[in-house]
There are 2 protein chains.
Amino acid sequence: MTTTYDLVVLGGGPGGFDAAVEAAAAGLKTALVEAAELGGTCLNRGCIPTKLWLGATAAVEELAAQTKARVATGEVRVDFAALQSRKDKYIAATRKAMAQRLAQLGVDLYAGRGRVLDAQTLDVAMADGPQTVGFRHLLVATGSRPGSFPGLEPDGAKVLDSTGFLGLAQMPESLIVVGGGFIGLEMAQAAHRMGAKITLVDALPRLAGAEDAEVGKTLESIFKRQGWDIRLGVKVASVVTRGEEAVLTLKTDEAGGSATGEELTAACALVAVGRRPNTADLGLDILGAECSGPGYLRTDENLLAAPGVYAVGDVNGRMLLAHAASHQAHYVVRRLLGKATGPYVSGPVPSILYGSPEVMRVGLTAEAAKAQGDTVLVSRAQLIANPIAQAHAATQGFVKCVWREGRVVGVTAVGADVSRMVVPAAMMVQAGWTRDEAEAFMFPHPTLDESLKTALLADKQSA
Amino acid sequence: MTTTYDLVVLGGGPGGFDAAVEAAAAGLKTALVEAAELGGTCLNRGCIPTKLWLGATAAVEELAAQTKARVATGEVRVDFAALQSRKDKYIAATRKAMAQRLAQLGVDLYAGRGRVLDAQTLDVAMADGPQTVGFRHLLVATGSRPGSFPGLEPDGAKVLDSTGFLGLAQMPESLIVVGGGFIGLEMAQAAHRMGAKITLVDALPRLAGAEDAEVGKTLESIFKRQGWDIRLGVKVASVVTRGEEAVLTLKTDEAGGSATGEELTAACALVAVGRRPNTADLGLDILGAECSGPGYLRTDENLLAAPGVYAVGDVNGRMLLAHAASHQAHYVVRRLLGKATGPYVSGPVPSILYGSPEVMRVGLTAEAAKAQGDTVLVSRAQLIANPIAQAHAATQGFVKCVWREGRVVGVTAVGADVSRMVVPAAMMVQAGWTRDEAEAFMFPHPTLDESLKTALLADKQSA
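Reading the values: the criteria
- Residues numbered from 1 in each chain as written.
- Chains lettered and ligands numbered in written order.
- Predicted model: local features only at pLDDT ≥ 70, side-chain atom pairs only at ≥ 80, totals over all residues.
- Helix = DSSP H or I, 4+ residues; strand = E, 2+ residues; numbered from the N terminus.
- Rg over C-alpha atoms; globule rule 2.2 N^0.38 Å.
- Buried ≥ 20, exposed ≤ 12 C-beta atoms within 10 Å, placed from the backbone.
- Contact = placed C-beta atoms within 7 Å.
- Pairing = 2+ DSSP bridges.
- Core = buried A, V, L, I, M, F, W, Y, C linked by C-beta atoms within 7 Å.
- Nonpolar A, V, L, I, M, F, W, Y, C, P; charged D, E, K, R; others polar.
- Axes fitted to C-alpha atoms, helices over the stretch in contact; angles between N-to-C directions.
- Parallel < 35°, antiparallel > 145°, perpendicular 65-115°, else oblique.
- Left-handed = near helix turned anticlockwise from the far one by under 90°.
- Domains from an automatic or database assignment.
- Least-squares fit on C-alpha atoms with pLDDT ≥ 70 in both.

Caption draft 1: Representation of the overall build of chain A in the model. For chain A, the helix and strand inventory stands at 14 helices and 24 strands. For chain A, whose C-alpha radius of gyration is 23 Å, the value lies close to the compact-globule estimate of 23 Å for 463 residues. Along the first, second and third principal axes, the C-alpha atoms of chain A reach 70 × 65 × 45 Å. Residues counted as buried form 55% of the 463 residues belonging to chain A. Within chain A, counting contacts between residues at least 6 apart in sequence, those at least 24 apart form 64% of the total.

Shown next, in the form of structure tokens:
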């Protein structure tokens, strides 16, 4: 007999797990279908292991900054095997806790790949054969996987994607990173701290291409001073394993530039050129769901991909961030419970690049605001004027506020520890603070956060 | 001829300096009278040098935590002479920038001690003789200085106050700290990181006595594991220099306990038993100003100590924090400009203990809220459940929210890096967030800040 659930969730990453927990806690009969591990990319192959690497190596950059300031000397040696073991144990323990939580709440867990049969039924390919699962509502939260381009395919030998890289048994002595986005930059920083010589290549003319252009320039300047070989605005013809090395060949510059077929080599290459949604073979087309170009599930203002079928997280392509998935999941469950009736509103979505430096952004960049045709003003503060930045001898960077009609609509920052300003910035953007509101608020002194205040109160200029 | 100013400010610390700058920028004819250095205690002998010490030594605790987790090894050697030199240069450069800013804005700087002659005139004891300065409004921002008790007087040899300690040429190998408040705890942490063996003594039964009792217990547990000898609930008979040592003698326990006249010795002793206001010999009594018991200037709801005489910062005893002084100063200038008409409202005042662990608080502790006779609920989160705390292998600590009538009225936290939650917590307390508002807000993942969200959303219990 087929069991029918109020809600069946496809995918146990942050969005799917949070939806299942909240739905079950509210009394909905709930099932979770997961083909691999609970926790999804974020826990198993993404944000969490990367942050464990960065956290474990934080002393390296703290010490390097004070050494450059001639205040301290010393060395930090990271035991990579021990770190990997600690990471694996933490992830396994977290998965176990997640499974316990689901069991506690009475969520049925189906370990297998799910595929829609019709508007009420799903087929799950379990280890012991297919199983049919009935649903009143379906939530698709199948996430995404590392993408690649022809010639850049990870081969599992010396050319790896982020998943392969996080699973390494030994940190390579040198690393080519293809892709200067947040994933590539976080992993490159962790590798650098553990002794790898970094070569970073990107087709875009700047690092962190989705961010403010000044952010990219600041990152480039800091990483170059850390000794990275950074090649921007170049195209990659191929990355392959050759013997014990990874070999990257740059495309011949058709305009006759200098980078004609140059080869770069390293002990390992990491391809971090974006992610692709997991939408293949879900059977959703028979329910009328459609995909955009790269395969993202199209969702309406209520996050519906088809009647009775919601999609949240990476798979809908709105915002490839774990907390965006969780936030969307919360909306969907509230909607099922009749508590949310209007369209989904994300509010300002915060994003963070971890490391030293960090990048944070909430809301619009000046560029994006201008592209909307608005009159945009910006105000800014340099970290060098802040005593806490001075105390950590990490003074390069800035905070920039974007204003529209007298209200702050975006905040961007780059520099050591700037992620600590992302939550207040998100609250300010959400509330639409004016300069007067910022002035009336008591920031604690001395804090790095005062750079945000200084930026908010600084003279505004045309963007 | 006596020059008469719209505003004369007594004292160039954070409150006085900010008031002078803002008043002059708004067009008021302004003078600043400072007997010692611009920047006051905070810049020269308080928060800033302490944070420079803690920032410069941050790698020590980051490495120690990972070493304990068996992930890293190594050592960090701080060159104390180089650190002191860097600190002195930074402070001198900041003072210079402050003087330039005042000059730029046309603020007249009188270098000398000011004393009120009558309701319109001040006498300033300048190096080249007394000078008379006229005022329409006077702002007293003379701050505070380290306090002591009989038997605990710093002698400038091996028994020092915070000022003397920050001026040391060499970090002692062992240190007795008398006083487990924020000043003593920050300095003890910096000294510990630079190799000093710490003995800490306080008459109160817990560390950080003004904070939540659980905060004190957590601090005690963490510092004890760092090897500190902590003696709480004991009274000190005397601290004196004897030869090349500081010798602290505990009071004979009248109840016949064990601590009968025990002697503790160290290379140096720091007395950090609170601060005393600088109100002596200001001549304010002739204008009708009154002082409370310990000498704090009494101020009314408009921060007036006497007709035409405002008092801000440590000297009025409302809140001995630099940012509180600046916030009060801002109010006074707005009042002089006719922009603020109602009484002074501080809003939630954030406070931070820096180091590893840190402490942060905004608004009421559960204890204080209960003492007001309210029905108080608390909700909490443990840092051990947070992935960023795990990444830094610093998992001891918690976030606690205090609720009254469904709104958050206080947030307290202890643990590594918890100061990053103080600004969002202050914004939430100021806005009086409900649980629903916290739930709707998108916190970034993974962040330590999510511990604040977890605490806000946790089940509430009687305080």
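The structure having been displayed, the exposition proceeds.
Caption draft 2: Inspection of the environment of A:Gln84 at higher detail. All names here are of chain A. Position of Gln84 among the secondary structure elements: in helix H5 (residues 80-104). Owing to 20 C-beta atoms within 10 Å, Gln84 belongs among the buried residues under this scheme. Gln84 sits 35 residues away from Pro49 along the chain, and the two C-alpha atoms are 8.8 Å apart.

Caption draft 3: Representation of the pairing of strand E6 (residues 129-140) of chain B in the model. Residues and elements named next belong to chain B. Relative to E6, strand E1 (residues 3-10) is paired through seven bridges, and the arrangement is parallel. Paired with Leu10 across the two strands is Val140, which belongs to E6. Of the strand pairs in this sheet, strand E5 (residues 121-126) and E6 are connected by six bridges, and their pairing is antiparallel. Along E6, the bridge assignment pairs Leu122 with Val133. In this structure, E6 lies alongside strand E18 (residues 309-311), joined through three bridges in parallel fashion. Within E18, the position partnered with Leu139 by the bridge is Tyr310.

Caption draft 4: Seen up close, the nonpolar core. Counting 314 residues, the largest nonpolar core has A:Val140, A:Val178, A:Ala269, B:Val140, B:Val178 and B:Ala269 as its most contacted members. Apart from residues lying up to four places away in sequence, B:Val178 is in contact with B:Leu152, B:Val201, B:Val236, B:Val239, B:Leu248, B:Ala269, B:Leu270, B:Val271, B:Ala272 and B:Val273.

Caption draft 5: How the structure looks around the pairing of strand E23 (residues 407-415) of chain B. Residue and element names in this part refer to chain B. Most of E23 sits inside the fold, with eight of its nine residues counted as buried. As judged from the six bridges shared by strand E20 (residues 358-363) and E23, these two strands associate in the antiparallel manner. Paired with Val359 across the bridge in E23 is Val414. As judged from the seven bridges shared by strand E22 (residues 398-404) and E23, these two strands associate in the antiparallel manner. Bridged to Val399 within E23 is Ala413.

Caption draft 6: Examining the interface of chain A and chain B more closely. Residue-level contacts link 56 residues of chain A with 56 residues of chain B. At the level of elements, helix H3 (47-56), helix H4 (58-68), strand E3 (72-78), H5, helix H9 (322-336), strand E19 (351-353), helix H11 (387-391) and helix H12 (422-431) of chain A are the ones that each hand at least two residues to the side of chain A that touches chain B. Split by residue class, the side of chain A that touches chain B holds 32 nonpolar, 15 polar and nine charged. Pairing of E3(A) with strand E3 (residues 72-78) of chain B involves seven bridges; the strand directions are antiparallel. Looking at E3(B), one finds that A:Val76 is bridged to B:Gly74.

Caption draft 7: Inspection of the packing of helix H3 (residues 47-56) of chain B against helix H5 (residues 80-104) of chain B at higher detail. Residue and element names in this part refer to chain B. Between H3 and H5, the shortest axis-to-axis distance is 10 Å and the interhelical angle comes to 140 degrees. Considering the angle they form, H3 stands oblique to H5. Between H3 and H5 the crossing geometry is right-handed. Judged by residue contacts, Ile48, Pro49, Leu52, Trp53 and Ala56 of H3 engage Leu83, Lys87, Tyr90 and Ile91 from H5. Tallied by class, residues from the contact of H3 with H5 come to eight nonpolar, no polar and one charged.

Caption draft 8: Focus on H12(A). Most of H12(A) sits inside the fold, with eight of its 10 residues counted as buried. Listed in full, the buried residues belonging to H12(A) are A:Val422, A:Val423, A:Pro424, A:Ala425, A:Ala426, A:Met427, A:Met428 and A:Val429. Turning to H12(A), the residues buried within the fold contact E19, strand E20 (358-363), strand E23 (407-415) and helix H14 (450-457) of chain A together with helix H12 (422-431) of chain B. Two residues or fewer after H12(A) comes A:Gly432, characterised by a positive phi angle close to 65 degrees.

Caption draft 9: Highlighting the sheet that holds E20(B). Residues and elements named next belong to chain B. Sheet architecture is open: six strands sit in the order E19-E20-E23-E22-E21-E24, paired in antiparallel fashion. Two strands lie at the open edges of the sheet, namely strand E19 (351-353) and strand E24 (461-462), each paired on one side alone. The sheet contact formed by strand E21 (residues 377-382) and E22 spans six bridges and is antiparallel. Among the inter-strand pairings, Leu377 is bridged to a residue of E22, identified as Trp403.

Caption draft 10: Geometry of the domain arrangement of chain A. All names here are of chain A. Split into domains, chain A comes out as domain 1 (3-145 + 276-336), domain 2 (159-273) and domain 3 (351-462). Each of domain 1 and domain 2 has a C-alpha centre, and these two points are 28 Å apart. Residue-level contacts link 10 residues of domain 1 with 11 residues of domain 2. Among the elements that line the side of domain 1 that touches domain 2, the one with the most residues is H3, at four residues.

Caption draft 11: Structural view of the packing of helix H1 (residues 14-25) of chain A against H9(A). Residues and elements named next belong to chain A. Interaxial distance between H1 and H9 falls to 8 Å at its minimum, and their mutual angle equals 30 degrees. Viewed along their axes, H1 and H9 adopt a mutual orientation that is roughly parallel. Crossing hand, H1 versus H9: right-handed. Side by side, H1 and H9 meet where Pro14, Gly15, Asp18, Ala19, Glu22 and Ala23 of the first sit next to Ala322, Ala325, Ser326, Gln328, Ala329, His330, Val332, Val333 and Leu336 of the second. Per-class residue counts for the contact of H1 with H9 are nine nonpolar, four polar and two charged.

Caption draft 12: View of unusual backbone geometry. Following A:Ser356, the chain continues into A:Pro357 via a peptide bond in cis, with omega recorded as 10 degrees. Within the secondary structure, A:Pro357 sits in the loop between E19 and E20. Of note in the backbone geometry, B:Asp281 takes a positive phi value of approximately 65 degrees without being a glycine. Positionally, B:Asp281 belongs in the loop between strand E16 (275-277) and strand E17 (304-306). A positive phi angle, close to 50 degrees, is found at B:Ala393, a residue other than glycine. Topologically, B:Ala393 is positioned in the loop between helix H11 (387-391) and E22. Judged by C-beta crowding, with 22 C-beta atoms within 10 Å, B:Ala393 ranks as buried.

Caption draft 13: Region of interest: the relation of the copies chain A and chain B. Turning chain A through 180 degrees and shifting it by 0.0 Å along the axis lays it on chain B, with an RMSD of 0.0 Å. Taken together, the turn and the small shift mark the pair as related by a two-fold rotation axis. Interface residue correspondence from chain A to chain B reaches 100%, placing this contact among same-surface, isologous pairings.

Caption draft 14: Layout of the environment of A:Gly40. Residues and elements named next belong to chain A. Looking at where Gly40 falls in the secondary structure, it is placed in helix H2 (residues 40-45). Separated by 29 residues in sequence, Gly40 and Gly11 have C-alpha atoms that sit 7.5 Å apart. Apart from the residues within four sequence positions on either side, Gly40 is in contact with Gly11, Gly12, Gly13, Pro14 and Gly143.

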